[in-house]
Amino acid sequence: MDYPRTLIVNAQFSEQSGSGTFLGRLFSAWPTDRLATVNGGCLPPDWRRCSRHYRTGDMECRLPAPMRWLVPSRVSGPIYPSVAVVPPPVGKTQALSLGRRLGQYPWRAMLRLLGGGEVLYRISPSTQLLTWVRIFDPEVIYGHCSDLQSVRFLRGIQRVLGIPLVLHLMDDWPESLYRKGWPENSMRSRYLAEFADMIRSAAVTIAICQEMAEEYERRFHRQVLWLPMPVELEAYRAAARTQWTANHPFRLRYGGRVGWAIHDSLADIARAVQMLRREGRDVAFDLVTFQTEQVPLSCRASAGVNVHIPAPLVDLPRLQTAADVLIVCYDFDSESVQHARYSMPSKLADCMASGTPIIVYGPPGLPVVEYARKCGWGMVVDRCDARVLGAAISELMDSATLREDLGRTAMRFAHEQHDAAAVSGRLRTILQNVAESSVSGCGA
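Analysis parameters
Positions within a chain are numbered from 1, following the residues in the order the chain's sequence is written. Since the coordinates come from a predicted model, pLDDT governs what is reported: local features require at least 70, and pairs of side-chain atoms require 80 or more to be given and counted, while whole-chain, interface and lining totals use all residues. Hydrogens are left out, water is left out, and the side-chain values use all remaining heavy atoms of the structure. Paired rings are identified among Phe, Tyr and Trp, the last through its six-membered ring, by centres lying within 6.5 Å, and are further divided according to the angle between planes into stacked (under 30 degrees), edge-to-face (over 60) and tilted (the rest). Helix and strand assignments follow DSSP, with helices taken as H or I runs no shorter than four residues and strands as E runs no shorter than two, numbered in order from the N terminus. Only protein chains enter the accessibility calculation, which uses a 1.4 Å probe; a residue is then buried when its area is under 20% of its type maximum, exposed when over 50%, and partly exposed in between. Both site types are read off a 1 Å grid over the protein atoms alone. A 1.4 Å probe that fits but cannot get out defines a cavity, while an open set with protein on both sides within 12 Å along at least five of seven lines defines a pocket; lining residues have an atom within 4 Å of a point. Grid points are joined across faces, edges and corners, and a volume is the space filled by probe spheres set on the points. We call Asp, Glu, Lys and Arg charged. Ala, Val, Leu, Ile, Met, Phe, Trp, Tyr, Cys and Pro are nonpolar, and the rest, Gly among them, are polar. For the purposes of this section, nonpolar cores are sets of buried Ala, Val, Leu, Ile, Met, Phe, Trp, Tyr and Cys residues that join through side-chain atoms within 4.5 Å. Contacts are assigned to residue pairs with any non-hydrogen atoms lying within 4.5 Å of each other. The span one expects for a helix is its residue count, reduced by one, times 1.5 Å. Under the rule applied, a polar contact is a pair of N or O atoms within 3.5 Å (in protein, one hydrogen donor and one hydrogen acceptor; residues adjacent in sequence only if both atoms are side-chain atoms). Only strands joined by at least two bridges in the DSSP assignment are considered to pair. Inter-axis angles, ranging from 0 to 180 degrees, are taken between N-to-C directions of lines fitted to C-alpha atoms, where helices are fitted over the stretch in contact. Think of the arc as the fan of directions from the helix axis to the C-beta atoms.

1. Quick word on the packing of aromatic side chains
Right, on to step 1. The final tally for this structure, using the stated rule, is 13 aromatic pairs.
Right, on to step 2. Note on Tyr3 and Trp30: the rings are 5.0 Å apart at their centroids and 70° apart in plane angle, and the pair reads as edge-to-face. You can see Tyr3 sitting in the segment before β1 (6–9) and its partner Trp30 sitting in the loop between α1 (18–26) and β2 (35–39), a full 27 residues away along the chain.
Right, on to step 3. Seen from their ring centres, Tyr191 and Phe195 are 5.9 Å apart, and the 50° between their planes marks the pair as tilted. Of this pair, Tyr191 and Phe195 both sit in helix α6 (residues 181–201), separated by 4 residues, roughly a single helical turn. Just as Tyr191 is buried, Phe195 falls in that class too.
Right, on to step 4. Taken together, Tyr3, Phe13, Phe27, Trp30 and Tyr142 form an aromatic cluster joined through their ring pairs.

See the structure below:
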């Protein structure tokens with residue numbers, strides 16, 4: 001079966017982010033020479049997934065003089081594995097003199113008044129980037145977008161290359177961005193118009209869950225597909241649970257990002273653990289994230305709460321099955337609900353495949369909350385109450401039967417709905433059909 005040469009824009013393969021590992025599973029088993037990525041991320045690429053990476057910088061995101069003097073420069077260009085005998089990696093921020101660093105303070109204050117300064121940048125693919133892309137000769141673009149700059153960049157590449165776009169939407173950015181203060185509000189109408197134009201221009205639009213697909217069909221009057229979160233099941237065949245005996249202490253584990261819509265819920269978990277420990281229950285909470293600086297102070301100050309950075313991704317199945325309960329959570333405030341109302345955690349399928357029972361702590365109506373409630377693969381706590389959460393944890397501590405029922409149900413749904421081989425195959429079919437339709441259209 002053929003794999004179309006696919007240019008991935010505004011996304012990167014990386015083991016150090018949820019979106020990066022999600023992308024790797026979405027393109028599971030693809031030949032690395034059929035993929036190329038273009039993005040502005042700073043994380044190290046996953047070279048096992050893809051052998052061509054271009055990091056965007058000053059050539060694609062330009063400021064007019066003399067403004068560019070006040071902003072740290074960022075080199076554009078291809079990046080390479082550090083072990084290869086090739087030019088060193090580019091894209092690192094250059095060191096600045098003291099004078100230039102001091103000069104940035106008033107400049108950054110002015111940018112904040114201008115809504116972050118996005119309106120000042122000229123966004124377009126550079127000649128260097130286009131030369132690099134044309135050597136790869138892509139047949140189709142697979143793209144993500146969120147803010148105004150990423151929308152303009154993706155649209156610019158699409159127009160110049162003249163090949164079809166498959167747009168994959170990760171969150172409901174149009175409902176959450178450019179709402180704080182008059183500078184951002186002044187950009188909002190422009191952003192919404194350009195985002196809608198992006199949707200209309202795509203050959204296929206894919207949502208991250210069924211609820212988002214249905215909402216975007218209503219909002220943008222076009223068909224929107226959706227793909228479930230994928231997991232590479234082979235990694236779990238030896239590691240997945242076969243028995244549900246409890247550890248001492250009974251260990252809760254949250255692994256993932258901290259910050260946007262996931263912050264206060266983690267503090268609630270820490271409070272619930274503290275309540276249980278005061279009652280004499282032997283329980284601990286492992287909070288695993290790369291965003292350690294954003295972990296709530298109450299978590300750091302709580303006995304029984306341990307904050308770690310993630311181990312290598314290859315160790316994830318073993319670490320998940322070593323826990324007694326895995327946590328999936330979102331915050332309950334209105335802003336977080338608006339941000340996350342069509343979100344689906346990229347780690348979800350991995351949690352399910354492990355067979356470790358899952359607590360889903362979040363507001364009613366969120367896709368992951370209702371998915372767990374409807375299908376019974378997780379224990380749902382949809383009230384913002386540390387005591388209710390503590391009671392759910394206590395119930396799981398006391399019942400190996402309940403832990404096994406939840407774990408086996410989650411594993412079954414992981415195999416039936418989230419197998420990366422099947423999900424990746426569906427994406428490959430979408431991209432191949434789009435590429436072939438484009439060729440047929442040109443021939444006609």
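2. A word on the layout of surface pockets
Right, on to step 1. The space that makes up the second largest pocket amounts to roughly 360 Å³.
Right, on to step 2. Secondary structure elements with two or more residues in the lining of the second largest pocket: α7 (210–220), α13 (367–375) and α15 (400–417).
Right, on to step 3. Looking at which element gives the most residues to the lining of the second largest pocket, the answer is α13, with 5 residues.
Right, on to step 4. Grouping the amino acids of the lining of the second largest pocket by side-chain chemistry returns 11 nonpolar, 3 polar and 3 charged.

3. Observations concerning empty space enclosed by the protein
Right, on to step 1. This model, assessed by the stated rule, comprises 1 cavity of 30 Å³ or more.
Right, on to step 2. Lining the largest cavity, in full, are Phe13, Ser14, Glu15, Gly20, Thr21, Gly24, Arg25, Asp46, Arg48, Arg49 and Leu313.
Right, on to step 3. A per-class count over the lining of the largest cavity returns 2 nonpolar, 4 polar and 5 charged.

4. A word on the nonpolar core
Right, on to step 1. Ranked by internal contacts, the top residues of the largest apolar core, which has 128 residues, are Phe27, Leu252, Leu266 and Trp377.
Right, on to step 2. Contacts of Leu252, omitting those with residues within four sequence positions, involve Ile269, Val273, Val283, Ala284, Phe285, Asp286, Val325, Ile327 and Ile393.

5. Quick notes on helix α14 (residues 386–398)
Helical periodicity: at 3.6 residues per turn, an α-helix aligns residues three or four positions apart in one direction.
Right, on to step 1. Between its first and last C-alpha, α14 extends 18 Å over 13 residues, near the 18 Å set by a 1.5 Å rise per residue.
Right, on to step 2. Every buried residue of α14 is listed here: Ala386, Leu389, Gly390, Ala392, Ile393, Ser394, Leu396 and Met397.
Right, on to step 3. At the N-terminal boundary of α14, the capping side chain belongs to Asp385, with an oxygen 2.8 Å from the backbone nitrogen of Arg387.

6. So, the sheet that holds strand β16 (residues 379–381)
Note on sheets: strands pair through backbone hydrogen bonds, and any given pair is parallel or antiparallel.
Right, on to step 1. With parallel pairing, the 6 strands of this open sheet are ordered in space as β13-β12-β11-β14-β15-β16. Looking at strand neighbours, the two that pair on one side only are β13 (305–308) and β16, the edges of this open sheet. With direction set aside, neighbouring strand axes in the sheet form an average angle of 25°.
Right, on to step 2. Where strand β11 (residues 250–255) and strand β12 (residues 283–288) come together, 6 bridges link them in parallel fashion. Along β12, the bridge assignment pairs Arg253 with Asp286.

7. A look at helix α3 (residues 127–136)
Right, on to step 1. Within the sequence span of α3, burial applies to Leu129, Leu130, Trp132, Val133 and Phe136. Taken around the axis of α3, the buried residues stretch over an arc of 160°, which confines them to a single face. For α3, the exposed residues lying more than 90 degrees away from the buried face are Thr127 and Ile135.
Right, on to step 2. Those residues of α3 that are buried lie in contact with β1, β2, β3 (53–55), β5 (77–79) and α4 (148–161).

8. Regarding the sheet that holds strand β7 (residues 140–143)
Right, on to step 1. Within the open sheet, the 8 strands sit side by side as β5-β3-β2-β1-β7-β8-β9-β10. Their pairing is mixed. Looking along the sheet, the strands with just one partner apiece sit at the ends: β5 and β10 (225–226).
Right, on to step 2. Pairing of strand β8 (residues 165–168) with strand β9 (residues 204–207) involves 3 bridges; the strand directions are parallel. Note that in β9 the partner of Leu167 across the bridge is Thr205.

9. Some points on unusual backbone geometry
Right, on to step 1. Omega for the bond connecting His248 with Pro249 falls within 30 degrees of zero, at 5°, which places this linkage in the cis form.
Right, on to step 2. Looking at the element boundaries, Pro249 is found in the loop between β10 and β11.
Right, on to step 3. In this structure, Tyr178 is a non-glycine residue whose phi angle is positive, near 60°.
Right, on to step 4. For His221, which is not a glycine, the phi torsion comes out positive at approximately 55°.
Right, on to step 5. Counting through the fold element by element, His221 comes out in the loop between α7 and β10.
Right, on to step 6. A relative accessible area of 70% places His221 in the exposed class.

10. Some remarks on the side chain of Ser424
Right, on to step 1. Take Ser424: it is sitting in helix α16 (residues 420–443).
Right, on to step 2. Residue Ser424 is classed as buried on the basis of its relative accessible area of 3%.
Right, on to step 3. Separated by 3.1 Å, the side chain of Ser424 and the backbone oxygen of Ser28 make a polar contact.
Right, on to step 4. Leaving out residues up to four positions away in the same chain, Ser424 has contacts with Arg25, Leu26, Phe27, Ser28 and Trp30.

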